[in-house]
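# Geometric and topological summary
One-letter residues, chain by chain:
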Amino acid sequence: TTFTFFKFISLAVLYLSGLLAAGQAEIENHLEMGRKLLAAGQLAEALSHYHSAVESDPKNYLTYYKRATIYLALGKFKSALPDLSKAIELKPDFLAARLQRGNILLKQGSTQEAKQDFEAVLKSNPDNREAQSQLARVSELEFSMQEARTAFQRKNYLEAISVLDRVIEVSPWDPEAKELRSECHLFLGDYHKAILDLKPTTKLRNDNRGAFLKLSKLYYNLGEHEESLNQVRECLKLDQDDKDCFSHYKQVKKLSKQLEAAEEHVKAQRYEEAIEKYKAAVKTEPNVAIYTTKAKGHICHCLTKSKRSREAIDVCTEAHHLDPRNVFILRDRAEAYILNEEYEKAVEDYQEAKEFDGENEELKEGLERAQKLLKQSKKRDYYKILGIRRNANKQEIIKAYRKLAQQWHPDNFQSEDEKKEAEKKFIDIAAAKEVLTDPEMRQKFDSGEDPLDPENQQGGAGHQHHWPFEFNPFGSGNFHFKFHFN
């Protein structure tokens, strides 16, 4: 019986030894694969093998250290720190790990903890130059941060930014330094730089709802409601019951919905509905000026597109005062002036817009058209001849033509002078009807070209009139007119 027992023990030891050997071989294989993949620059694949090595041998300090170096190469310093700490816990005199951890802590702005690591290295190796240099940097950093806080308290924001620039160069992962510099930019009115500093802090601090809310409000005040909504949603992902974030979310969501609906109406050319939505948006947010400014600009555009020229000019003028460099507002007001037959003002607006954006083809074409219309207005204006607006439809054109043709019929006049005046008017009335009821000729005229002007005819042959009545105004003798009203 004793023999059997010892035999069993011997077999068990052999079995366990075999397992250990197999396990060690597997660990070595993972480490070897990790080294090869690391050398090949395949960091994510190398990391996977180091994960397996750590799981198989959680007491090996070197494996933790190697995995930490890969995390750092991937930019995941937060993941590297626990591995370095574990390596130091398993081997307290592992100076390379202490030095690496001290460097990360210094970059995070954790000066006291970094100081402890550098001092520990120097205690074991007083001649370590890197530890000496970094320890000196710790003291400089602490002094600089105090200097920056003092400058900020004194409202000397430019000085504070200058000091913080140096701090962040040494400690790029320090959320406090970035938050303080962000505040300085805010007080100086530079929202974009404030955002650039604040954004990284959402990852540098855990559960940083305050930063997400602040970013959302900054974007909101810049008129970027979509990005504002994205940021406040990130806050609610961390805590859906956060009262401040939820309250702001409701406001941004309501405004965004109105503005998005307005944009959809504009795309579908439903300008009246778009105007109502823009007006509703201004009521939703009356305190942030940029939304009023943008809404006025969009309403200006919608009124112009709706051919409500007088209203458009008034609203566009308001919008222009609020945003004087906006070329689209100037363009829309120019188009409204054209509708209102105020061509000189249209030319002025297009010229001003072109000064701000000289390469814009739409503005170039608009200016050319306005100049042609101005030149044309000093000659024969078919709309004025018939006494109609530029947006009159075909029925309105024919109605006006009939009325005027009957009024200025030469047979209605007795004296030769009156007949000559009537003939001249009659020719103009007929020409106006011919041009404005022909879509192609009307389009040319609306673009500033008179299709009946011999100067505009190809080959200089002039335009052959086919009058809509049996009358040769250039003949002689007694006249008799028969009208064919089309």
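Now for a description of the structure that goes with this document.

Thresholds, definitions, all that
- Residues numbered from 1 in each chain as written.
- Predicted model: local features only at pLDDT ≥ 70, side-chain atom pairs only at ≥ 80, totals over all residues.
- Heavy atoms only, no water.
- Disulfide = S-S within 2.5 Å.
- Helix = DSSP H or I, 4+ residues; strand = E, 2+ residues; numbered from the N terminus.
- Buried < 20%, exposed > 50% of the residue type's maximum accessible area, 1.4 Å probe, protein only.
- Axes fitted to C-alpha atoms, helices over the stretch in contact; angles between N-to-C directions.
- Parallel < 35°, antiparallel > 145°, perpendicular 65-115°, else oblique.
- Left-handed = near helix turned anticlockwise from the far one by under 90°.
- Contact = heavy atoms within 4.5 Å.
- Phe/Tyr/Trp six-rings, centres within 6.5 Å; stacked < 30°, edge-to-face > 60°.
- Lys NZ or Arg CZ within 6 Å of the ring centre and 35° of its normal.
- Core = buried A, V, L, I, M, F, W, Y, C linked by side-chain atoms within 4.5 Å.
- Polar contact = N/O pair within 3.5 Å; in protein donor to acceptor, adjacent residues only side chain to side chain.

## Re the state of the cysteines
One pass over the structure, following the stated rule, counts 2 disulfides. Disulfide partner of Cys-235: Cys-245, at an S-S distance of 1.9 Å. Here Cys-235 and Cys-245 share a disulfide; its torsion about the S-S bond, 85°, makes the bridge right-handed. One end of the pair, Cys-235, is in helix α13 (residues 225-238); the other, Cys-245, is in helix α14 (residues 243-267), and 10 residues separate them in sequence. The pair Cys-235 / Cys-245 is uniform in exposure class, with both members buried. A sulfur-sulfur separation of 2.0 Å characterises the disulfide bridge that pairs Cys-300 with Cys-316. On the sign convention where negative is left-handed, the bridge of Cys-300 and Cys-316, at about 90° about the S-S bond, is right-handed. With Cys-300 in helix α16 (residues 289-305) and Cys-316 in helix α17 (residues 309-322), this residue pair connects regions lying 16 residues apart in the sequence. Of the two residues examined, Cys-300 and Cys-316, each falls in the buried class. When the bonded cysteines of the protein chain are numbered from the N-terminus onward, they pair as 1-2, 3-4. Between Cys-302, a cysteine without a disulfide, and Cys-300, which holds the nearest cysteine sulfur, the sulfur-to-sulfur distance is 9.0 Å.

## What about the packing of helix α7 (residues 129-153) against helix α8 (residues 157-170)?
Taken N-terminus to C-terminus, the directions of α7 and α8 make an angle of 155°; their axes are 8 Å apart at the nearest point. Comparing their axes, α8 and α7 come out roughly antiparallel. Of the two possible hands of crossing, α7 and α8 adopt the one that is left-handed. Facing Arg-137, Leu-141, Ser-144, Met-145, Glu-147, Ala-148, Ala-151 and Phe-152 of α7, the residues of α8 in contact are Tyr-157, Glu-159, Ala-160, Val-163, Leu-164, Arg-166, Val-167 and Val-170.

## Here we look at the packing of aromatic side chains
Enumeration according to the criterion identifies 11 aromatic pairs in this entry. Centroid distance Phe-152 to Tyr-157: 5.6 Å. Interplanar angle 65°. Geometry classified as edge-to-face. Consider the rings of Tyr-383 and Phe-445, whose centres lie 5.8 Å apart with planes at 45°: the pair is tilted. In this pair, Tyr-383 sits in helix α21 (residues 382-386) while Phe-445 sits in helix α24 (residues 439-446), placing the two residues 62 residues apart along the sequence. Residue classification places Tyr-383 among the buried positions, given a relative accessible area of 0%. These aromatic residues form a ring-pair network of at least three members: Tyr-61, Tyr-65 and Phe-94. When the ring centre of Trp-408 is taken as origin, the NZ or CZ atom of Lys-425, which lies over that ring, is 5.0 Å away.

## Points about the nonpolar core
In terms of nonpolar packing, the biggest core is built from 47 residues, with Ala-97 and Leu-164 touching the most fellow members. Looking at this core element by element, the count peaks at 7 residues for α8. Aside from chain neighbours lying at most four places away, what touches Leu-164 is Met-145, Ala-148, Ala-177, Leu-180, Arg-181 and Cys-184. Of all hydrophobic cores here, the second largest spans 46 residues; its members include Tyr-220, Tyr-291, Ala-319 and Val-327.

## Details of the side chain of Asn-208
Here Asn-208 lies in the loop between α11 (201-204) and α12 (209-221). For Asn-208, a relative accessible area of 10% puts it in the buried group. A distance of 2.8 Å separates the side chain of Asn-208 from the backbone oxygen of Thr-201, its partner in a polar contact. Here the side chain of Asn-208 touches Ala-211 through a polar contact of 3.3 Å, landing on its backbone nitrogen. Setting aside residues no more than four positions away along its own chain, Asn-208 makes contact with Glu-179, Thr-201, Thr-202 and Leu-238.

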